Amino acid sequence: MRHIISPTDLTVSELSGLLELAEEIIESPKKYADVCHGKKMATLFYEPSTRTRLSFEAAMLNLGGSILGFSSADSSSASKGESVADTIRVISSYADICAIRHPKEGAPLVASLHSSIPVINAGDGGHNHPTQTFTDLLTIKNLKGRLNHLTVGFCGDLKFGRTVHSLINALARYENIKFVLISPEELRIPNYIREEVLEANNIPYVEVKSLENSMPELDILYMTRVQRERFFNEEDYIRLKDIYVLDAKKMTYAKEDMLVLHPLPRVNEISTDVDDDPRAVYFKQAQFGVYVRMALIMKLLEVM
Ligand code: CP
C-alpha cells in the first residue's frame, strides 16, 4: 500500500508512468469508465477547496467508483475534538482510498501512519500539495512537450505557497531547470527550500522583485495568490496582496510560447484581460487535474 504525502513520493520514472497514463485517459476516457466499479473514495477536507476536492470526486466518478466525505472541519467530528488519527482509523473501514486536506502541516502524514487505506495529501498548510504538482507537470508536459530545459518563474507568495514548494521540489529532479523566484522580501521562499532543494542539488536560481524584468527569459510563469488565510497580520496582507498583477501589457514582454500557469483560485494577480491569450493555460490546467487524479487513483488502487 502506497501513500502520497510529498510530490517526491513518486520516483521520476513512476511520475512518467503517471503522466503517460493521464495522457492515455485524455485520449480514451471511455476505456477507463468502469475500472473502479465497487471502490469508494473518501474526501476529508478540513480546509476550503473547489478544484482539489471536486476534481478528486469527478475523477473517482469518471472511473466508475463512488465518493463520500466532508468539505469542512465544522461539518465533521473534528469540531467535537476528534483527532485525525482516530478519524482515519474509522474512514479506513468505510472507503478504499482517501484524500485529505488540512490546515496543519504534517496532518496527512499523521493520517497515513494510522491508515489501512492509501492516503493522498490534498494540501497541508503551507507545506505541500503533491496532486497540484502532478497537475502542473501534466500541464507543462502536455502543452510544452518537455519537463527539462526550462526556465521557470514563480511569482507572488513564495513563502506560504505550498503549490510553489511542491513544484520546485518536483522540477528540481529534471535536467537543466532554472528558477526565477519573483517576490517581495517578506514572501521569499522558505530557507529549507533554498538550502535543502536548490543549493543541495546545485539548481540555478535567482531571487528578484521585478516581474516585468523577468518576463522575457521565462518558458513558464507560475503565478500565485497572496493568501489571506496564511497571514498573521491583516495589515501585511493588505500591503502585499496586489503587489503583482499580470496583465495584457506585461504579456507583451514574454516569449511567444511562454505558458502562464496558476493553481487557482485567483484574486487580482492575473487580470482578466490575460484570459484569452493562448499562453494563459490556467483553466486548462484545472481540467488536467481531473485526469492526473484519475491516473493516481488507478495506480494507488492497482486497478488495470
Ligand atoms: N488549486 C487548488 O488547490 O485549488 P482549491 O483550493 O480550490 O482546491
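For the structure, check the block above.
Every chain's residues receive numbers from 1 upward, in the order its sequence appears when written. Reporting in this predicted model follows two pLDDT cut-offs: at least 70 for local features of residues, and 80 or more for side-chain atom pairs to be given and counted; totals over whole chains, interfaces and linings ignore these cut-offs and use all residues. Heavy atoms from the whole structure form the basis of all side-chain values; hydrogens and water molecules are not counted.

Further remarks concern the packing of aromatic side chains. In this description, a pair of aromatic rings is defined by centroid distance and the angle of the planes. Stacked, tilted and edge-to-face pairs are distinguished by plane angle, under 30 degrees for stacked and over 60 for edge-to-face with tilted covering the rest, among Phe, Tyr and Trp rings (Trp via its six-membered ring) whose centres lie within 6.5 Å. By the definition in use, this model includes four aromatic pairs. Pairing tyrosine 46 with phenylalanine 70 gives two aromatic rings, centres 5.2 Å apart and planes at 85°, and the pair type is edge-to-face. With a gap of 24 residues between them, tyrosine 46 in the loop between strand 1 (40-45) and helix 2 (51-62) and phenylalanine 70 in strand 2 (residues 66-70) connect regions that are remote in the sequence. As far as the burial class goes, tyrosine 46 and phenylalanine 70 line up, both buried. With 5.8 Å between their ring centres and 50° between their planes, phenylalanine 154 and phenylalanine 179 make a pair best called tilted. Placement of phenylalanine 154 in strand 5 (residues 150-155) and of phenylalanine 179 in strand 6 (residues 177-182) is noted, with a sequence separation of 25 residues between them. The helix count covers DSSP runs of H or I at least four residues long, the strand count covers runs of E at least two residues long, and both are numbered beginning at the N terminus. Accessibility here uses a 1.4 Å probe with only protein chains present; expressed as a share of the type maximum, an area under 20% marks a residue as buried, one over 50% as exposed, and anything in between as partly exposed.

This brings us to the pairing of strand 8 (residues 220-223). Burial of the side chains of strand 8 extends over both faces: Ile220 and Tyr222 are buried on one face and Leu221 and Met223 on the other. A strand pair is defined by DSSP finding two or more bridges across the two strands. Sheet topology note: the strand 8/strand 9 (residues 259-261) ladder contains three bridges and is parallel. Within the sheet, the bridge partner assigned to tyrosine 222 lies in strand 9 and is leucine 261.

Take threonine 87: it is sitting in helix 3 (residues 84-91). Taking the relative accessible area as the measure of exposure, threonine 87 reaches 7% and is therefore buried. Here a polar contact means two N or O atoms within 3.5 Å. Within protein one must be a hydrogen donor candidate and the other an acceptor candidate, and residues neighboring in sequence count only if both atoms are side-chain atoms. Side-chain polar atoms of threonine 87 contact the side chain of glutamate 82, separated by 3.0 Å. The contact partners of threonine 87, leaving out residues within four places of it in the chain, are Tyr46 and Glu82. In what follows, residue pairs with any heavy atoms lying within 4.5 Å of each other are defined as contacts.

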